[in-house]
Amino acid sequence: MRRICRYGPSCSTAGPVPVLFFCLVLAAIVAVSSGFAAARAAGEAERSPHELIPLLRDGGLIIYLRHAATDHRESDSDISDLSRCDLQRNLSDQGRQEAAETDKAIRALGIPIGAVYASPYCRTIDTAGLVFGRYEVLDGLRATFFTDAEETARLAAFLRERLSQPPPAGGNTVLVGHSANLSDVTAIWPRPEGVAHVFRPLGDGGFEHLGRIVPTDWQNLVAKR
């Protein structure tokens with residue numbers, strides 16, 4: 001089955017796309033949008049970064065962290081073997097610095113971190129390692145940029161379930177992933193690289209988006225604690 005490049009300036013079309021593909025994508029968008037809208041309606045308004053910190057200190061939330069800033073002179077030229085970092089887009093010096101600062105801020109703010117899961121790409125693994133010092137790789141978090149409709153739907157279902165699972169008491173679960181995956185499930189495109197989106201899991205595939213913290217927010221949050 002041929003792969004379809006779903007996002008980004010390097011994407012190009014290679015002929016007509018089957019009508020079935022559009023039907024599958026449209027159905028997935030409708031289902032995701034309906035479920036996410038219901039979750040948002042059940043909760044309160046989106047919080048500011050400052051308002052998120054006390055909630056994160058209490059634990060019980062899901063942090064979806066997009067990988068830190070990358071070197072866009074590089075590209076994912078071959079993802080058949082994700083252990084080959086030399087064939088992928090990797091973290092830039094800025095990304096590594098921001099990841100280290102995020103680590104310091106999370107520690108200073110007293111945010112309890114439980115399980116940390118990362119996509120198998122090098123940039124997500126490196127981000128998880130720099131920020132949290134530990135991680136478990138989950139194939140279900142791998143990027144959906146080049147997946148077909150069936151695989152995209154499978155990965156979206158995986159992420160939806162993870163966003164809805166309450167963490168063990170006293171901690172927050174972290175998912176280190178990509179922009180397209182979160183957009184597939186929530187219609188949120190996480191910008192910029194390194195942004196942390198915070199969710200309250202509701203169980204049974206439900207969740208509430210509470211807000212986001214961008215990399216430049218962390219130092220201000222520490223200064224105002």
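Residue numbering note: each chain is counted from 1, following its sequence as written. pLDDT decides what is reported in this predicted model: residues at 70 or higher carry local features, side-chain atom pairs at 80 or more are listed and counted, and totals for whole chains, interfaces and linings draw on all residues regardless. For the side-chain quantities, the full set of heavy atoms in the structure was used; hydrogens and water were omitted.

(A) Layout of the confidence of the model for the chain. Per residue, pLDDT measures the predictor's confidence, with a range of 0 to 100. Summing up the model confidence of the chain, the mean pLDDT is 86 and the portion of residues at 70 or higher is 80%. Across residues 1–43 the pLDDT falls below 50, and counting only partners more than four positions away or on other chains, this stretch makes 44 contacts in the model. In what follows, residue pairs with any heavy atoms lying within 4.5 Å of each other are defined as contacts.

(B) Representation of unusual backbone geometry in the model. Here the residue pair Arg191 and Pro192 is connected by a cis peptide bond, since its omega of -5° sits within 30 degrees of zero. Helix numbers and strand numbers start at the N terminus; a helix is a DSSP run of H or I with at least 4 residues, a strand a run of E with at least 2. Among the secondary structure elements, Pro192 is positioned in the loop between helix H6 (179–186) and strand S5 (196–203). Positive phi outside glycine occurs at Ala187, with the angle close to 70°. Its place among the elements puts Ala187 in the loop between H6 and S5.

(C) View of the nonpolar core. Definition used in this section: a nonpolar core is a set of buried Ala, Val, Leu, Ile, Met, Phe, Trp, Tyr and Cys residues joined via side-chain atoms within 4.5 Å. Partly exposed describes any residue whose relative accessible area lies between the buried limit of under 20% and the exposed limit of over 50%, with all areas from a 1.4 Å probe on protein chains only and scaled to the type maximum. In this structure, Ile53, Leu56, Ile111, Phe132, Val176, Ile213 and Trp218 are the most contacted members of the largest nonpolar core, which totals 26 residues. Each residue touching Leu56, except ones within four places of it in the same chain, is listed here: Leu61, Ile63, Ile111, Pro112, Asn172, Val198 and Ile213. Leu138, Leu141, Phe199 and Phe207 belong to the second largest nonpolar core, which has 14 residues in total.

(D) Spatial organisation of the environment of Pro190. Position of Pro190 among the secondary structure elements: in the loop between H6 and S5. Residues Pro190 and Arg66, spaced 124 residues apart in sequence, show a C-alpha to C-alpha distance of 7.0 Å. What Pro190 contacts, discounting residues up to four positions off in sequence, is Arg66, His178, Ser179, Leu182, Val195 and His197.

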